[in-house]
Every structure is written in structure tokens, then in C-alpha cells.
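Each chain, letter by letter, is given below.
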Amino acid sequence: MAEVVLNDVCKMYDGGVLAVKHVNLEIRDREFMVLVGPSGCGKSTTLRMIAGLEEISSGTCRIGNRIVNDVPPKNRDIAMVFQNYALYPHMTVYDNLAFGLKLRSMPKAEIDRRVREAAEILGIGDYLQRKPKALSGGQRQRVAVGRAIVRKPAVFLFDEPLSNLDAKMRVQMRTEIAKLHTRLDTTMIYVTHDQIEAMTMGDRICVMKDGVIQQVDTPLEIYDNPANVFVAGFIGTPPTNFFRGELVETAGRLEFRHPVFTIPTPDEWQSKLAPFAGKTVIFGIRPEHIGSEIAEADPGAIRISARVEIVEPMGAETYVHLNTGDRTLCVARIDPHRKVVRGENAALAVSLQKSHFFDCETEKLIV
């Protein structure tokens, strides 16, 4: 087992393109770390530098007790699972699993033991004599994972392994990979652009944007206390509602004034918001903290009324897009059994205790 530590790591491509900027990240021994962010944010490049498939322009990468900047990928004691499976089409499943071990001149008996053990863990024992073209996408992905398992590496690397699967299979496979981490009890680093995968799988999440780490923490901490506007908007479905308005002092306390509504700020937040009095700030509230039942659970909730523009029934919940006549105000996530009709005025409540205020200039969290 091993921890992975990136110290001030940068990746500069030809032409002066800085794809990864001064990344400092410690992935603990036996931890499941998820790197998440939009396309082009540098997460896959970071993973490939850990694997040795991309050269590190500056900084260091340590796996276990050694710096591996100049160590070839095959000697880093890592195994990588790719997005496109990367299976040998002319080989059977058994031979695909065994290939890397044969290259290491491992005894046949040990190869057979490891292959069958991995096949049992992943439920592909019945497919060992098939070739990849005879397998479904989910079965091929299991083989790709099995090929990593048989090597028994110190670190597993996953580069968007589920992006080629259908929605139902993705849910099933992310559960399987999470179970696999528990069973193998080893370090795993997983790259995805899907924030639902990140929230459900990771012990911790590293959110990236434009080659820069935005926040590293547990899924719930990132969800409840996002470090900035980007994290608040990226993590969560539907995304956080944002409003720009001014903090105005009235009768000794601050209130947030938006062109459509005015809300008071909680008493315990006054001191942190005081330096921003008279300035424009960003108010953020998640859709689930706007709803008809909010007022019953939160006596301090603020009531709002807006016209229903779009209703999206999702089964377990309903998304309601609210409009104030000339602009879309926000999205609320409400009880699916509450009847809401497009075009009507809906009376909802906003839970201020669950809201966030961000600095308009830096977009960093204030409170």
C-alpha cells in the first residue's frame, strides 16, 4: 500500500500552455480519492503524470517512500484502468488478464491463481474463454479492472472508466468499484467529470478547474461548505442558484437586496458580512432549500412568490423553474406529490441557514 503526494506539480505543453498549475495534493494510504471537474480542467493530465504517461514539467510526485518523476510507468507499482478498456481483441478474457503477468515471467500456477481470483471477485468467471467482442460494455470494463487487480499494485488509477457505459450500467459499475475498494483495501485515484460519481464513490474529492485545485475535502463537506462559486455550482444537481445583489445596512443590521427581492441576513453572520456592507455580493441557495415545506422545518425561512415557468417531474422529486416575469429567478426542488401547474404563482420559502454568501470579486466563500 502507498500514499501519493504531489508537491507543486505543473504541466507545461509546447506553446506555453500550462495545463496543470502548482498542484499540491496528498492522497492517503488506502484512500479513495476522486479528481473531478469539467473537461479540460487538468484532472486526467494529473492522473497521467502520476502514472508516468505524462512528464512532469516541474514539482515532484511521490508514491510511497520514493520520488517517481524519473521512474518508468512499469516500475511505479501502479495499475491503470482506461476509458476505452484497452483490451487485446485477439485474446480471450483469460489471456487479457494474464498478459501482464506473463511479461513479468511469473510462474504459470501463480498466474492462473491470480486470474481466477480476479475473475471471481468481478463475476466474470464464466467469460474467461470469450474474446472482448463477445462481451457487453460492462463485462469489458470488468475485464479491464481485472487486468489491474491481478497485478496487485500499490495504487489503482481510473481514468473516466464508466463514461462509455449506459446510465444503468454506470450506476451498477460505480457500486462495484466502491465495493472493490473496500475488499482490496488499497489506494485508488479516480478521475471523472460526473459529480454524482464523485459524491457517491470518493472518501475525499478534489475539485479542479483550469488546472487549479479549487477544494479538497469529504463529499458532504464540499456540498455543505463550498470554497467558492465554482464549487457550489459544479457540485449538486440541479446546481446552486446564484443572485448578485448589494449588502445594505438597515437599522443596525445587514440585508441582501436583489432587484426582485430583499432578505435579511442571519444574526450570527453579521460580523463576517460587515466588511462587505455597501458592496455587491453573490447569494447562493441550493434548489432543495427552496420549497413549500421549508417554512415548517425552518421558522426563520423567508417566503417568496414567483410564477412557475417549467415543471420537471423526476419521480422522487420535482424541479420547478420559477420566473418573475422578465427573468428566470431560480430552480426549486420540491415534494413530487405537491401539485404545481405551469403559469401559476407558487408560494415557497427559502432557508437562509442553508444559504451562502460569496465575495463578488474573488468568488470565494464569505459565510
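The paragraphs below set out a description of the structure included in this document. Predicted model, so just to flag it, every value in this text is computed and none were measured. Sequence order sets the numbering: in each chain, residues are counted from 1 along the sequence as written. Reporting in this predicted model follows two pLDDT cut-offs: at least 70 for local features of residues, and 80 or more for side-chain atom pairs to be given and counted; totals over whole chains, interfaces and linings ignore these cut-offs and use all residues. Hydrogens and waters are ignored; side-chain quantities use all the structure's heavy atoms.

## A closer look at the environment of His-181
Counting from the N terminus, the helices are DSSP H or I runs at least four residues long and the strands are E runs at least two residues long. Counting through the fold element by element, His-181 comes out in helix 5 (residues 167–184). Exposure remark for His-181: the relative accessible area of 10% places this residue in the buried category. Non-local contacts of His-181, meaning those with residues more than four positions away in its chain, are made with Arg-30, Glu-31, Phe-32, Thr-186, Met-188 and Asp-203. Distance and chemistry together define a polar contact, namely a pair of N or O atoms within 3.5 Å, with one atom able to donate a hydrogen and the other to accept it when in protein, and with adjacent residues in sequence counting only for side-chain atoms on both sides. Here Arg-30 takes part through its backbone oxygen, which lies 2.9 Å from a polar atom of the side chain of His-181. The cut-offs for exposure are 20% and 50% of the maximum accessible area for each residue type, with area from a 1.4 Å probe on protein chains only; residues under the lower value are buried, those over the upper are exposed, and the others partly exposed. By definition in these notes, contact holds between two residues if any of their heavy atoms fall within 4.5 Å.

## Concerning empty space enclosed by the protein
Points on a 1 Å grid over protein atoms alone make up a cavity when a 1.4 Å probe fits among them but cannot get out, and a pocket when they form an open set with protein on both sides within 12 Å along at least five of seven lines; lining residues each have an atom within 4 Å of a point. Grid points are joined across faces, edges and corners, and a volume is the space filled by probe spheres set on the points. Considering all chains together, one arrives at two cavities of 30 Å³ or more under this definition. What lines the largest cavity is simply Phe-243, Phe-261, Ile-263, Phe-283, Ile-285, Ile-290, Ile-304, Leu-329, Cys-330 and Val-350. Those elements that provide at least two residues to the lining of the largest cavity are strand 14 (280–285) and strand 18 (328–334). For the second largest cavity, the calculated volume is near 40 Å³. Contributing to the lining of the second largest cavity are Leu-122, Arg-142, Val-145, Met-173, Glu-176, Ile-177 and Leu-180. Looking at the lining of the second largest cavity, the elements that each hand over two or more residues are helix 4 (137–149) and helix 5. Looking at the lining of the second largest cavity element by element, the count peaks at four residues for helix 5. Throughout, the ten residues Ala, Val, Leu, Ile, Met, Phe, Trp, Tyr, Cys and Pro are labelled nonpolar, Asp, Glu, Lys and Arg are labelled charged, and all others, Gly among them, are labelled polar. Of the residues that constitute the lining of the second largest cavity, the class distribution is five nonpolar, no polar and two charged.

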